[in-house]
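Read off the chains here:
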Amino acid sequence: MTDGIMPLRGKHIIVGVSGGIAAYKAPQLVRLLVKAGAEVTCAVTEHALQFVTELTLETVSQHRVYSLLFDRSNPHSTEHISLKDWGDAMVVAPATANIIGKLANGIADDALSTLLLSFRKPLFLCPAMNTQMLESYAFQRNMDYLRTNGVHIIDSTSGELACGTTGDGRMAEPENIAGEIIRQLQTPADFAGKRILITAGPTYERIDSVRFIGNFSTGKMGFALAEELAQRGAQVFLVTGPTHLSTHHPDIERIDILSAREMYDAVIERFPSCAAAILSAAVADFRPEHEADHKIKKQSDHDDMTLHLVQNPDILATLGKMKRPDQLLVGFALETDNELENAQKKLTKKNLDFIVLNSLHDAGAGFGHDTNKVTLIDRNGHIEPGSLKSKQAVAKDIADKLLSWQ
Ligand code: CTP
């Protein structure tokens with residue numbers, strides 16, 4: 001057979017099964033993945049074994065099923081550690097509200113949840129549950145959290161449910177799950193061997209020991225870029241201001257900073273070893289001239305206060321001056337008036353290869369949203385307006401544009 005027919009040849013996939021009725025479809029998923037060329041090992045919860053037997057999963061996968069955290073018959077007492085290294089990807093099908101809740105909240109109390117918590121490679125979750133549970137705010141919050149942290153969600157569909165009702169909550173069909181895994185794992189490694197520097201999030205400029213000047217950036221765009229590029233083979237430095245986001249891919253080295261000057265130092269040190277830099281951070285242009293080492297008290301005889309601000313270094317402009325001919329530099333622009341003209345001026349002034357112009361005029365675009373709408377403008381004058389899409393899809397467009405410039 002050719003690799004075209006066996007798209008997962010050489011891949012190790014862990015199929016996690018948690019305790020829902022859709023567990024009866026897990027052996028079918030295992031068969032499809034094996035047929036596509038993958039080597040598969042199953043990790044199950046105790047409740048999953050109420051719906052599907054260990055023997056069935058072992059027979060279709062031709063591998064031992066991992067079900068006990070402390071299995072004394074197994075020479076690898078810490079199996080979750082070795083199994084996580086073995087797997088190139090992991091899929092949980094079905095993923096109950098319980099296992100999703102555990103992962104989103106860092107709970108590891110059985111074989112599957114322990115493995116999930118330590119797994120750092122592409123992870124797919126296939127939720128299956130009744131509609132009320134699916135719509136609950138706790139479940140939706142957990143899903144949002146996992147999604148923004150790089151977990152692939154293969155959404156449930158509408159149909160007849162085991163509880164006798166009809167609605168959303170049916171696990172996606174094994175054929176669709178296998179298809180999505182194949183699609184994702186076939187992502188070209190077109191950034192292999194490249195080191196890319198990304199900045200993300202806000203900066204905090206200290207006023208005193210308890211206060212700062214900041215902004216509303218959440219870092220979602222920069223983190224999506226880091227995951228996209230790492231997944232396509234790049235080694236990524238992610239220099240980020242304070243954010244609640246976490247990184248997923250093992251090839252992302254995260255450097256946490258607080259202020260613009262700390263970001264400047266981290267970026268300048270790393271840029272010479274990088275093929276490209278994408279600066280998406282919302283850097284504060286100004287900082288308080290003096291930082292008080294104590295909490296500034298209210299003064300009873302003054303009803304106003306003046307804070308003197310001084311300019312921060314422009315990181316992007318500095319990189320524009322340092323840039324070698326073999327390096328690429330990408331900036332972001334957030335404009336409210338004469339958007340295109342101002343973005344183009346910024347592109348020239350800061351010596352960029354292209355600039356990503358954020359639209360502030362569309363609902364769903366900009367700070368905090370999971371979606372964004374951008375226009376890519378390059379130094380040759382090409383202008384590519386985009387539509388409103390997920391930040392992951394925008395990250396893909398930016399990565400593709402970067403590639404076309406190499
Ligand atoms: N940027 C930077 N360092 C700064 C300020 C901005 O690296 N001190 C980068 C941002 O990460 C972004 C780009 O510069 O990639 C554009 O930032 P923006 O604030 O829109 O532009 P400014 O140059 O600050 O210009 P203005 O405030 O006049 O729009």
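Here goes a summary of the coordinates provided. In this text, all values refer to a predicted model and were calculated from it rather than measured experimentally. (Residues numbered from 1 in each chain as written. Predicted model: local features only at pLDDT ≥ 70, side-chain atom pairs only at ≥ 80, totals over all residues. Heavy atoms only, no water.)

Some remarks on the packing of helix 9 (residues 220-231) against helix 13 (residues 391-404)
For step 1, the next point in the chain: Orientation of helix 9 relative to helix 13, taken along the N-to-C sense of each, is 60°, at an axis distance of 8 Å. On the basis of the axis angle, helix 9 is oblique to helix 13. Handedness of the crossing formed by helix 9 with helix 13: right-handed. For the pair helix 9 and helix 13, the contacting residues are Lys220, Met221, Ala224, Leu225, Glu228 and Leu229 in the first and Lys391, Gln392, Val394, Ala395, Lys396, Ile398 and Ala399 in the second. (Axes fitted to C-alpha atoms, helices over the stretch in contact; angles between N-to-C directions. Helix = DSSP H or I, 4+ residues; strand = E, 2+ residues; numbered from the N terminus. Parallel < 35°, antiparallel > 145°, perpendicular 65-115°, else oblique. Left-handed = near helix turned anticlockwise from the far one by under 90°. Contact = heavy atoms within 4.5 Å.)

Here we look at the side chain of glutamate 205
For step 1, the next point in the chain: You can see glutamate 205 is positioned in strand 9 (residues 205-206).
For step 2, the next point in the chain: One buried charge, glutamate 205, has no salt-bridge partner; the nearest side chain with opposite charge is arginine 287, at 5.6 Å.
For step 3, the next point in the chain: A polar atom in the side chain of glutamate 205 sits 2.8 Å from the side chain of threonine 203. (Buried < 20%, exposed > 50% of the residue type's maximum accessible area, 1.4 Å probe, protein only. Lys, Arg positive; Asp, Glu negative; His and termini not counted. Salt bridge = Lys/Arg side-chain N within 4 Å of Asp/Glu carboxyl O. Polar contact = N/O pair within 3.5 Å; in protein donor to acceptor, adjacent residues only side chain to side chain.)

Side note on the pairing of strand 19 (residues 374-378)
For step 1, the next point in the chain: In terms of residue burial, strand 19 counts as a mostly covered element, since five of its five residues are buried.
For step 2, the next point in the chain: Residue alternation in strand 19 divides its side chains into two sets, Val374, Leu376 and Asp378 and Thr375 and Ile377, and both sets are buried.
For step 3, the next point in the chain: Direction of pairing for strand 17 (residues 354-358) relative to strand 19: antiparallel, over a ladder of five bridges. By the bridge assignment, valine 356 is partnered in strand 19 with leucine 376.
For step 4, the next point in the chain: Sheet analysis places strand 19 next to strand 20 (residues 383-385), joined by three bridges and oriented antiparallel. Pairing of threonine 375 across the sheet is with proline 385, part of strand 20.
For step 5, the next point in the chain: Linkage of strand 19 to strand 20, two consecutive antiparallel strands, is achieved through a turn of four residues, within which glycine 381 is found at a positive phi near 90°. (Pairing = 2+ DSSP bridges.)

A few points about the pattern of salt bridges
Pairing between side chains becomes possible if they bear opposite charge and their charged atoms approach one another.
For step 1, the next point in the chain: Counted according to the given criterion, the structure contains 24 salt bridges.
For step 2, the next point in the chain: With its nearest N and O atoms 3.9 Å apart, the salt bridge here joins arginine 270 to glutamate 269.
For step 3, the next point in the chain: The structure contains a network of salt bridges with shared partners spanning Asp190, Glu228, Arg232, Lys396 and Asp400.

Things to note about the site of the ligand
For step 1, the next point in the chain: What surrounds the ligand is a group of 13 residues, the closest being Leu279, Ala281, Phe332, Lys346 and Lys350.
For step 2, the next point in the chain: Between the ligand and proline 313 there is a distance of 3.0 Å, counted from a nitrogen atom to a backbone nitrogen or oxygen.
For step 3, the next point in the chain: In this structure, leucine 316 approaches the ligand through a main-chain N or O atom, which is 2.9 Å from an oxygen atom.
For step 4, the next point in the chain: Relative to its unbound accessible surface of 570 Å², the ligand loses 75% to contact with the protein.
For step 5, the next point in the chain: Elements with a minimum of two residues in the shell around the ligand: helix 11 (315-322) and strand 16 (328-334).
For step 6, the next point in the chain: The class makeup of the residues in the shell around the ligand is eight nonpolar, one polar and four charged. (Near = heavy atom within 4 Å. Areas by Shrake-Rupley, 256 points an atom, 1.4 Å probe, with all protein chains shown as cover. Nonpolar A, V, L, I, M, F, W, Y, C, P; charged D, E, K, R; others polar.)

Here's the deal with the sheet that holds strand 11 (residues 235-240)
For step 1, the next point in the chain: In space, the eight strands of this open sheet follow the order 12-11-8-13-16-17-19-20, with mixed pairing throughout. Strands with a single pairing partner mark the edges of an open sheet, and in this sheet they are strand 12 (252-256) and strand 20. Ignoring which end each strand starts from, the neighbouring axes of this sheet average 15° apart.
For step 2, the next point in the chain: When strand 8 (residues 195-200) meets strand 11, the two strands line up parallel, connected through six bridges. Looking at the pairing, threonine 199 lines up with valine 239 of strand 11.
For step 3, the next point in the chain: Packed on one face of the sheet, helix 13 meets strand 8, strand 13 (276-279), strand 16, strand 17, strand 19 and strand 20 and runs near 10° to strand 19.

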